[in-house]
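The residues making up each chain are set out below.
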Amino acid sequence: MEKIKTKITEDTFVCNSVVLAKYMVAYANEKGYVINMTKLQKLLYIAYGTYLAVVGARLVNEHPRAWPYGPVFPIVRKKLLEVRLEELTLDETDKPNDEVRLCVKLVFDGFGKRDHSFLSSWSRLPGSPWDQTVNKYKFDWGDVIPDDIIRSYFKSIIRMKGENDEQGKTE
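Residues numbered from 1 in each chain as written. Predicted model: local features only at pLDDT ≥ 70, side-chain atom pairs only at ≥ 80, totals over all residues. Heavy atoms only, no water.

A.B. asks: Please explain the confidence of the model for the protein as it appears in this structure.
C.D. replies: Close inspection of predicted coordinates is inappropriate in any region flagged by low pLDDT. Chain-level statistics for the protein give a pLDDT mean of 88 and a share of 87% at 70 or above. The low-confidence segment residues 1–9, where pLDDT is below 50, has zero contacts with residues more than four positions distant or belonging to other chains. Per-residue pLDDT stays below 50 along residues 167–171; that stretch engages in zero contacts with residues further than four places along the chain or on separate chains. (pLDDT = per-residue confidence, 0-100. Contact = heavy atoms within 4.5 Å.)

Written out as structure tokens, the structure reads:
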């Protein structure tokens, strides 16, 4: 009997979720943004969605999960609840690659001044990946928010340079 070959799909990602979360907290502290666990979770989710939409790859090893107040990365939450977030500095954290640092900068430029309450509400808007996940049949709290839904949603809200851009055109 011939052995059946199965295709193994590699689960690839760019960073460890806890390492990136620590970097994001240290970045927030250095730039003067107020940060707490809820805000960190939502900013990490926005970075995850942005990276997925723009680069087409997963940013971190952990998938966001649907919790009552929006997307959560449970491992990050568990590991960083014991850390004094306000004390993290960039000197103490591992630095991600340039592409990831740029993504973090863009996320903070767009959402860094928003508070945790706004970000939590934003992440649960009707039609959002969280909303689509919690409203599916046989949903359970803690279910993974699927990457294909996240990618599609973020692609629809991110305007890529050059897309529908009439500025700079000369006749």
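A.B. asks: Help me understand the nonpolar core in this model?
C.D. replies: Buried together is how nonpolar side chains tend to be arranged in soluble globular proteins. Among the nonpolar cores identified, the biggest contains 47 residues, and L20, M24, L40, L43, I46 and F108 are the most heavily contacted of them. Elements that contribute at least two residues to this core include exactly α1 (17–31), α2 (37–55), α3 (74–80), α4 (98–111), α5 (116–123), α6 (129–134) and α7 (147–157). The biggest single contributor to this core is α2, with 11 residues. The residues touching M24, leaving out its near neighbours within four places in the chain, are L40, L43, L44, A47, V104 and F108. (Core = buried A, V, L, I, M, F, W, Y, C linked by side-chain atoms within 4.5 Å. Buried < 20%, exposed > 50% of the residue type's maximum accessible area, 1.4 Å probe, protein only. Helix = DSSP H or I, 4+ residues; strand = E, 2+ residues; numbered from the N terminus.)

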